[in-house]
Structures are given as structure tokens and as C-alpha cells.
Amino acid sequence: MRPSLLLSLLIYLLVLGGLATVNGALLVLAVPLVLYLGAGLLFGPGDVHLELERSIDVERVTQGKPVEVRLRVTNRGGHIEQLWLQDKLPLGLERLDGETSLLAELPAGAHLELRYRVQGGRGFYRFVNVQSTLSDRLGIMRWSQELPAPGRIFVLPEMTRLKHVAIRPLQTVGYSGIIPARQGGAGVEFLGVRAYQAGDPLRRINWLASARHRQALFSNEFEQERGANVGLILDARIRSDIDTSQGSIFEHAVTATASLAQALLNDGNRVGLLVYGGYLAWTYPGFGKIQRERILRALVRASPGASQVFDKLEKLPTRIFPAHSQLILVSTLHHDDLPVLIRLRARGYQVMVVSPDPVAFEVQILGSRPAAELGIRLARLEREVLIKRLQRAGVQVLSWDVSQPFDQAMRLALSRIPPWVRPIHI
Amino acid sequence: MNGNKQFNAQLRSQATTPIWSLRWLSVILAAAPLVALYFWIARWEIALALGLIAVLWPLTPARWEWTGSAGLVFLVLAAAGGIGLAAPPLWSLVGLAAALSGWDLERFTRQLLSAGQVLEPQRHIRRHVLRLAALVVLGLGLGWAALNFRVDLEFGVALALSVLAVLGLAQGIRHLMQTTRHG
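Attention here is on the structure that accompanies the text.

Parameters and conventions
Residues numbered from 1 in each chain as written. Chains lettered and ligands numbered in written order. Predicted model: local features only at pLDDT ≥ 70, side-chain atom pairs only at ≥ 80, totals over all residues. Heavy atoms only, no water. Helix = DSSP H or I, 4+ residues; strand = E, 2+ residues; numbered from the N terminus. Rg over C-alpha atoms; globule rule 2.2 N^0.38 Å. Buried < 20%, exposed > 50% of the residue type's maximum accessible area, 1.4 Å probe, protein only. Contact = heavy atoms within 4.5 Å. Areas by Shrake-Rupley, 256 points an atom, 1.4 Å probe, with all protein chains shown as cover. Pairing = 2+ DSSP bridges. Buried area = accessible area lost by both parts, 1.4 Å probe. Salt bridge = Lys/Arg side-chain N within 4 Å of Asp/Glu carboxyl O. Polar contact = N/O pair within 3.5 Å; in protein donor to acceptor, adjacent residues only side chain to side chain. Phe/Tyr/Trp six-rings, centres within 6.5 Å; stacked < 30°, edge-to-face > 60°. Axes fitted to C-alpha atoms, helices over the stretch in contact; angles between N-to-C directions. Core = buried A, V, L, I, M, F, W, Y, C linked by side-chain atoms within 4.5 Å. Parallel < 35°, antiparallel > 145°, perpendicular 65-115°, else oblique. Left-handed = near helix turned anticlockwise from the far one by under 90°. Patch = residues over 30% accessible without salt bridge, like charges linked within 9 Å, V, L, I, M, F, W, Y side chains within 5 Å.

For chain A, the count of helices and strands is nine helices and 19 strands. Computed over the C-alpha atoms, the radius of gyration of chain A is 34 Å, more than 25% above the 22 Å expected from 2.2 N^0.38 for a compact globule of 426 residues. Over its C-alpha atoms, taken along the principal directions, chain A stretches across nearly 135 × 60 × 35 Å. Residues counted as buried form 50% of the 426 residues belonging to chain A. Across chain A, contacts joining residues at least 24 apart in sequence account for 71% of those joining residues at least 6 apart. With the model as given, the accessible surface of chain A reaches about 20,600 Å², and the carbon-plus-sulfur share is 53%.

Here it is, written out as C-alpha cells:
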């Protein structure tokens with residue numbers, strides 16, 4: 001109950017009791033209460049005009065890095081005897097030091113600063129309002145309001161630096177990159193020998209081949225190196241995630257996607273991202289650092305979600321990916337994903353699957369229990385069969401035990417193109 | 001700034017904070033005149049109940065915010081009841097003023113403890129206690145004066161003054177409720 005209401009009721013009770021019983025002493029009892037209430041009325045906040053300004057030292061941080069938040073409040077109105085300011089921390093942020101609430105007196109024109117440091121896991125955190133309660137010194141006259149003080153923090157996913165991701169899509173784009181384009185031109189890889197054409201530099205002439213023929217010169221031809229269209233697909237279906245007290249496998253999938261995006265963009269590819277889960281979040285393909293930032297921001301917001309429509313990969317909107325491009329699916333994999341991936345391969349997409357190993361992840365958490373041994377063996381066999389069938393369909397698969405660093409797993413498995421993936425000219 | 005931090009840390013340890021001692025003192029002071037009053041008029045059961053309230057009130061968990069208000073209501077009713085039982089009204093007045101300060105200090109303590117940081121805490125507490133003391137002293141003084149000065153009024157005048165008092169009070173409270181708003 002508000003203090004002013006409680007006091008008013010007691011005063012009424014005493015005054016009416018005094019009048020009803022014609023007892024002056026009861027009326028006298030109301031005097032301290034009336035004075036107390038009157039003081040609240042007299043010294044309560046009058047002209048209220050507060051200005052709030054929030055500053056965050058870095059809006060974009062990597063996981064585990066603390067961020068300092070400052071909140072400056074300036075009183076543009078009359079004298080405030082008591083100001084109680086409480087900042088609301090977005091869910092998921094943890095306060096490291098400093099305070100998020102402050103009780104102080106604020107004279108007209110003066111200002112105060114609230115300062116604290118927070119830390120959070122991967123995510124997008126938005127500060128909206130600050131709760132302010134102004135009152136007289138005794139807290140009788142109160143004025144509560146929520147003042148807007150917007151702010152945001154992007155906590156980026158962890159990333160590992162990958163040296164090279166070996167991809168070989170059927171088509172390349174017209175920009176330079178590092179993927180052999182199977183076309184003659186400026187490059188370093190030898191492609192073949194052709195008849196000399198006027199303008200060919202002398203150092204390109206293949207003297208051995210030319211010596212074998214009279215009246216004919218031959219030039220070496222090198223393979224052009226181009227960028228490619230790459231579509232990254234992050235599986236954010238709730239059933240693909242294993243969320244435990246010691247972490248979530250989805251976080252590893254996000255780390256892998258971010259690392260792949262960074263490496264592929266560094267190699268001059270055109271990369272897009274589709275987060276497939278509770279909804280579809282599509283980041284249109286692009287090049288360079290701005291695209292890297294777009295993809296990272298999309299990954300910051302990504303979270304596992306449930307949807308009846310997108311529960312299976314069947315609803316994957318393949319038309320958004322350019323024809324014959326490279327697709328990289330980051331998923332823990334399910335048996336019903338197999339036909340969809342084979343279909344994608346049949347349509348001419350070069351498909352790679354990076355699969356954080358859910359069995360190894362769970363075993364690591366559960367520990368080795370005799371009762372679970374058989375179950376673990378069965379789950380491993382099922383997964384191996386699935387991976388083998390995918391590989392037979394021409395899909396590159398990296399089964400990643402998340403206890404191993406991602407760059408190490410990538411270096412071992414996907415830094416070279418396996419012979420069976422070498423594309424067929426069409 | 002360092003002193004502030006130290007005091008804020010001290011504020012959280014209830015036993016060492018002067019404000020908590022003040023609260024205990026205030027609650028005991030609130031109940032003592034009323035306990036004595038009910039002993040005086042030989043109403044042992046009420047005196048015992050008041051004594052029990054005085055002991056239990058500061059011991060209630062901090063999350064029970066209603067205990068302060070309930071204690072105040074009970075003590076005000078006890079003070080009014082004392083007057084009804086023809087006990088000395090000055091004792092009731094002192095008990096009520098002390099109950100008011102106990103209730104106020106309890107709310108103030110809760111507020112201090114819920115705030116993460118209190119700027120210039122010693123000054124803040126001193127100013128609060130000074131205003132409360134001034135109001136209590138003024139209230140007791142005015143009450144004492146009202147009890148000792150007798151004015152004889154005609155019935156009609158008394159009725160008109162009563163109606164005026166009730167209307168004025170209603171107006172004041174309405175204004176108070178309007179200005180104590182949530183934005």
C-alpha cells in the first residue's frame with residue numbers, strides 16, 4: 001500500500017472517530033500524521049525534467065569481454081530530494097562490478113553518473129528504459145516513471161581463424177579469388193598448352209613443345225582463380241540442439257559458421273547465410289568486411305527455435321542460392337536430412353556438411369557409464385552410416401568432435417578437396 | 001568515493017548499521033508508552049500483545065514489506081483504544097509519534113538496502129532523521145498544546161468546523177493522490 005494512502009486512511013479514521021465520539025483527544029492523535037503527510041506535500045518533487053544519457057564503451061565485443069555501461073542523469077527541473085534510479089539489465093547479461101541502482105539527492109542543474117561493467121554470452125542485448133522514482137526525503141510523495149535510455153551490445157560468437165577452406169563449386173563468379181575456374185587466364189596453376197597468339201609474353205612460350213613443331217609456337221596457359229558463390233546454412237532447429245548445463249552444441253555450430261564465413265570472405269568469395277530454425281533469417285550474399293559484419297550480426301541473433309514448418313530440411317528454400325554454387329550446411333544432422341542433401345547435390349550444388357558430433361558431445365557430458373555403453377555404440381553406428389551414405393552421394397562431411405578446436409578439425413579434413421569431389425565439367 | 005563504497009557495504013550488514021539500531025529503538029519507543037499505558041489501566045493481554053509486536057516487528061524478513069504498515073495500523077489503533085479506555089492521552093500521543101517514526105525508519109531502511117549505491121549515505125541518513133525528528137517534535141508540541149488549551153464552541157460552529165476539516169482533508173488527500181503518480 002502506498003504510504004500516502006495508508007496515512008490518509010489512518011487520519012480519516014482518527015478524525016471521524018473523534019467526531020463520532022465527540023472526543024477531542026482522538027483528533028489530537030491525528031496531528032503528527034497530518035504534519036507528516038503535509039511535509040510530503042510541501043517538499044515533494046515539483047517541476048520534474050530529467051535527462052538520461054547512456055554510453056557504452058564498446059557496442060561490439062567478443063564473448064567473455066567486459067563492457068562498461070555509463071548512465072548519466074541530469075536534472076533540468078527543480079530540486080529533487082530523493083531520486084532512486086534503477087537500470088534494467090537485459091536478460092542474459094551479468095553484472096561484474098559497479099551498481100545498477102542509485103539513491104541520491106539531485107539539486108537543480110546537477111548530474112549523476114551510474115557506472116557498471118557487464119558480461120554476457122553470444123547475443124544481442126538491448127537496453128530500453130531506466131526506472132526512476134522521485135520523492136521527498138520521507139518518501140511520501142512519489143513520482144515513478146520509465147525514462148528512455150536506449151543502448152545495445154552485440155556479443156559476437158567465438159571465431160577461430162581458418163587458413164583455407166577447400167571448396168570447388170561448379171561455377172565461379174567474375175571476381176578474383178582462389179578457386180581454380182577451369183578457364184585460361186592470369187593464374188599460377190598450369191592449365192594446358194595452346195597455339196601462340198600475338199601479344200603472348202615471351203616467358204609464356206612453351207619452348208619444348210614449340211621445338212617439336214616447325215613453323216609453330218606454343219604458349220602455356222594458366223588457370224584463372226576466381227571467387228565463388230557460397231551459401232552457409234546454419235541449422236537452428238530446436239531438435240538439432242543439445243542444451244546442457246555445461247553448454248549447448250548450437251554454440252559450437254555458431255562458432256563453426258562464423259569461422260567459415262570469415263575464411264570464405266577472406267578468400268574473396270561471395271557469401272550468404274541462412275539461419276534455418278524457428279524461422280528463416282536470410283543474409284543476402286555479399287563480399288568483404290561489411291558482409292562479414294552482416295553475417296556476424298545475424299549469428300549474434302541466431303538461436304535454436306521450434307517450428308512445425310521448418311522442422312525438417314525439406315522446406316529449405318534452395319532458390320535463394322545461385323545455381324551450381326557451394327552450399328555449406330552446419331548441422332548435427334538427422335536421418336531425414338539425407339534425401340534433402342542428396343537432392344541438393346543432384347541439382348548441381350556442391351554440398352559440404354560441417355557436423356558438430358552430438359554423440360561425442362553427450363558422451364563428454366555424461367561420462368562413460370556402463371549402462372549407456374550400448375546406447376552410445378548404437379548412436380555412433382547410426383551416425384557413421386548416415387555420414388557414409390552422404391559421402392557416397394558426393395557430399396563432403398566433416399564430423400567435428402567439439403572437444404577438438406575447429407581449425408584443427410578443418411585442417412585435417414577439409415583443407416584439401418578429396419578426389420571424389422572434383423567436379424565434372426558441364 | 002571509497003568511503004561511500006565502504007558505507008554501502010556496511011549498510012548491507014544489518015547488525016552494524018546505525019539505521020537498524022535506530023529502527024529497533026524506534027519500535028521499542030513506539031510500543032513502550034503504549035505497553036506502559038495498558039499496564040496502567042490493567043489490560044495485561046493488550047500490553048503483552050503490544051510487547052510481542054515490538055519484538056517481532058524488527059525481526060520479520062525483509063521481503064515482508066507489509067509488516068511495517070501492519071505494525072503502524074496496530075499501534076495507531078492501540079493508541080486510539082487507550083484514549084477510549086480513558087488512559088492519559090499524552091501517552092497515546094507519544095506512542096503514536098514513536099510508531100510513526102518506527103514505520104518511517106523501517107521504510108527508509110528497506111529503501112537504503114534495496115538501492116545498490118547510495119550517494120553520500122551519511123548525509124542522506126542524517127537529513128532524513130533530522131526531518132523526521134523535526135516533524136515528530138512539532139507534532140508532539142502541537143498535540144500537547146491541543147490537549148492543554150481548551151476552547152468552548154457552540155454545537156453549530158463545531159459541526160461547521162468538522163465538516164470543513166473533513167472536506168479540507170479530502171481535498172488535500174485527493175491532491176496528494178493525483179500528484180503521487182506513476183509516469
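Now for the sheet that holds strand E4 (residues 80–87) of chain A. Spatially, six strands are ordered E2(A)-E9(A)-E8(A)-E4(A)-E6(A)-E1(B) in an open sheet, and the strand pairing comes out mixed. Looking at which strands have only one partner, the edges of the open sheet turn out to be strand E2 (60–62) of chain A together with strand E1 (117–118) of chain B. Sheet analysis places strand E6 (residues 101–106) of chain A next to E1(B), joined by two bridges and oriented parallel. Bridging from a neighbouring strand, Leu103(A) pairs with Val118(B) of E1(B).

On the side of chain B, 52 residues touch chain A, which itself brings 50 residues to the contact. For the chain A and chain B pair, buried surface summed over both sides reaches about 4,700 Å², with 71% attributable to carbon and sulfur atoms. A per-residue breakdown of the area chain A buries against chain B is headed by Leu29(A), Leu103(A) and Arg137(A), which together make up 14% of the total. The tally of links from chain A across to chain B stands at two salt bridges. Taking the shortest distance from any N to any O, the salt bridge between Glu105(A) and Arg127(B) comes out at 3.0 Å. Here chain A is connected to chain B by 12 residue pairs in polar contact (both at pLDDT 80 or more). When residues of the side of chain A that touches chain B are assigned to their parent elements, the largest contribution, 14 residues, is made by helix H1 (residues 3–21) of chain A.

Before going further, it helps to spend a moment on the environment of Ile41(B). Residues and elements named next belong to chain B. For Ile41, the position within the fold is in the loop between helix H2 (18–40) and helix H3 (44–56). Ile41 gets classed as partly exposed once you look at its relative accessible area, which sits at 22%. Residues Ile41 and Leu119, 78 residues apart in the sequence, show an inter-C-alpha distance of 48 Å. Setting aside anything within four residues of it in sequence, one finds Ile41 in contact with Leu85 and Ala87.

In this section: the packing of aromatic side chains. All names here are of chain A. This model, assessed by the stated rule, comprises eight aromatic pairs over all chains. Ring centres of Tyr276 and Phe310 lie 5.4 Å apart, and the angle between their planes is 65 degrees; this geometry places the pair in the edge-to-face category. Here Tyr276, found in strand E15 (residues 270–276), pairs with Phe310, found in the loop between helix H5 (288–301) and strand E17 (326–330); they are 34 residues apart in sequence, far enough to count as distant. Each member of the pair Tyr276 and Phe310 is classed as buried. Both rings, one in Trp282 and one in Phe321, keep their centres 5.5 Å apart while their planes meet at 85 degrees; by these two values the pair is edge-to-face. Separated by 39 residues along the polypeptide, Trp282 in strand E16 (residues 280–286) and Phe321 in the loop between H5 and E17 bring together distant segments of the chain.

Residue and element names in this part refer to chain A. If you walk across this open sheet you meet the four strands as E1-E3-E7-E5, and the pairing is antiparallel. Of all strands in the sheet, those bounded by a partner on one side alone are strand E1 (50–56) and strand E5 (93–98). Each strand axis lies, on average, 30 degrees off the axis of its neighbour in the sheet, ignoring direction. Note: strand E3 (residues 67–75) against strand E7 (residues 111–120), eight bridges, orientation antiparallel. If you follow Val73 over to E7, its bridge partner there is Leu112.

Counting residues in hydrophobic clusters, the biggest one holds 50 residues, and the most contacted among them are Leu7(A), Leu14(A), Leu29(A), Leu33(A), Tyr36(A), Leu72(B) and Trp103(B). Of all the elements in the fold, those that place two or more residues in this core are H1 and helix H2 (24–43) of chain A together with H2, H3, helix H4 (66–84), helix H5 (89–114), helix H6 (121–148) and helix H7 (155–179) of chain B. Not counting residues within four places of it along the chain, the set of residues in contact with Leu72(B) comprises Leu6(A), Leu7(A), Leu10(A), Trp57(B), Ala99(B), Leu100(B) and Trp103(B). Counting residues in each nonpolar core, the second largest holds 43 residues, with Leu156(A), Leu162(A), Ala236(A) and Ile295(A) among its members.

Here we come to the packing of H5(B) against H6(B). Residue and element names in this part refer to chain B. Where H5 meets H6, the axes come as close as 10 Å, and the angle between the chain directions of the two elements is 165 degrees. Our classification of the angle between H5 and H6 gives roughly antiparallel. Taken as a pair, H5 and H6 cross one another with a handedness that is right-handed. Each of Pro89, Leu90, Leu93, Val94, Ala97, Ser101, Asp104, Leu105, Phe108 and Leu112 in H5 lies in contact with H6, whose residues at this interface are His124, Ile125, His128, Val129, Leu132, Val136, Leu140, Gly143, Trp144 and Leu147.

In this section: a nonpolar patch on the surface. All names here are of chain B. The grouping of Trp24, Ile28, Leu52, Val55, Leu56 and Leu59 at the surface amounts to a nonpolar patch, some 580 Å² of accessible area in total. Of all the secondary-structure elements, those providing two or more residues to the nonpolar patch are H2 and H3. Here the nonpolar patch takes three residues from H3, the largest share from any one element. For Val55, the position within the fold is in helix H3. By relative accessible area, which is 46% here, Val55 ends up partly exposed.

With that out of the way, let us pick up the pairing of strand E9 (residues 142–156) of chain A. Residue and element names in this part refer to chain A. In terms of strand pairing, E2 meets E9 through three bridges, oriented parallel. From the neighbouring strand, Thr62 faces E9, where its bridge partner is Leu156. Two strands pair when backbone bridges link them, and strand E8 (residues 123–135) and E9 are joined in this way by 12 bridges, in the antiparallel orientation. Of the residues in E9, the one forming a bridge with Gln131 is Glu146. Here E8 folds back onto E9, and the loop between the two strands holds six residues, one of which, Gly139, carries a positive phi near 75 degrees.

Residues and elements named next belong to chain A. Where burial is concerned, the two faces of E1 differ: the one with Leu50, Leu52, Arg54 and Ile56 is buried and the one with Glu51, Glu53 and Ser55 is not. Where E1 lies against E3, seven bridges are found, and the strand directions are antiparallel. The partner of Ile56 across the bridge, within E3, is Val69.

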